Amino acid sequence: GMTAQSSSGGDPGNRAVFRSASIRWAVRVSKWDPTVTAYKEALALLHEDEAKRVAKFRFFDDAKRSLMGRLLVRKLLKDIMQMPTIDLKRTQKGKPYIANPQECPIEEL
């Protein structure tokens with residue numbers, strides 16, 4: 001299962017509250033035993049290059065952790081930050097960044 005906590009309490013759309021927000025999700029990836037179809041459907045939610053990175057993991061548990069982490073970033077951007085479209089890219093060193101920050105209703109991002 002997945003649980004979420006917000007230490008800010010309050011509306012995530014409120015900019016002042018968001019600046020001090022701390023959101024934590026706990027996911028027991030080891031308990032997630034997806035069917036091949038469910039795994040492929042989850043992988044299809046990522047951009048092609050990200051899906052390829054996840055598929056390169058040698059151990060399935062590592063691939064599941066990577067996949068879940070990437071999906072949680074999207075959940076944060078879509079559900080909490082209310083971004084209508086999400087375009088994540090990576091720097092040359094592999095760090096993710098939001099390529100379309102103008103889509104974020106929170107100006108401070």
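Refer to the structure above for everything that follows.
Criteria and thresholds
- Residues numbered from 1 in each chain as written.
- Predicted model: local features only at pLDDT ≥ 70, side-chain atom pairs only at ≥ 80, totals over all residues.
- Heavy atoms only, no water.
- Axes fitted to C-alpha atoms, helices over the stretch in contact; angles between N-to-C directions.
- Helix = DSSP H or I, 4+ residues; strand = E, 2+ residues; numbered from the N terminus.
- Parallel < 35°, antiparallel > 145°, perpendicular 65-115°, else oblique.
- Left-handed = near helix turned anticlockwise from the far one by under 90°.
- Contact = heavy atoms within 4.5 Å.
- Nonpolar A, V, L, I, M, F, W, Y, C, P; charged D, E, K, R; others polar.
- Phe/Tyr/Trp six-rings, centres within 6.5 Å; stacked < 30°, edge-to-face > 60°.
- Buried < 20%, exposed > 50% of the residue type's maximum accessible area, 1.4 Å probe, protein only.

### So, the packing of helix α2 (residues 36-43) against helix α4 (residues 60-80)
Step number 1: It is at 10 Å that the axes of α2 and α4 come closest, and there the two elements cross at 45°. Relative to α4, the element α2 is oriented oblique. In terms of crossing hand, the pair formed by α2 and α4 is left-handed. Between α2 and α4, the residues in contact are Tyr39, Ala42 and Leu43 and Phe60, Ala63, Lys64, Leu67 and Leu71, respectively.
Step number 2: A breakdown of the residues in the contact of α2 with α4 according to their chemical character gives seven nonpolar, no polar and one charged.

### Some thoughts on the packing of aromatic side chains
Step number 1: Within the structure shown, the criterion is met by two aromatic pairs.
Step number 2: Between Trp32 and Tyr39 the ring centres are 6.4 Å apart and the planes differ by 40°, which places this aromatic pair in the tilted class.
Step number 3: Accessibility expressed as a relative area gives 23% for Trp32, which makes it partly exposed.
Step number 4: Under the relative-accessibility criterion, Tyr39 is labelled buried at 14%.

### Comments concerning unusual backbone geometry
Among all residues except glycine, the phi angle is most often negative; among peptide bonds, the trans geometry is most common.
Step number 1: The phi torsion at Gln82 lies on the positive side, around 60°, for a residue other than glycine.
Step number 2: Among the structural elements, Gln82 can be located in the loop between α4 and β3 (88-90).

By themselves these figures say nothing about function.
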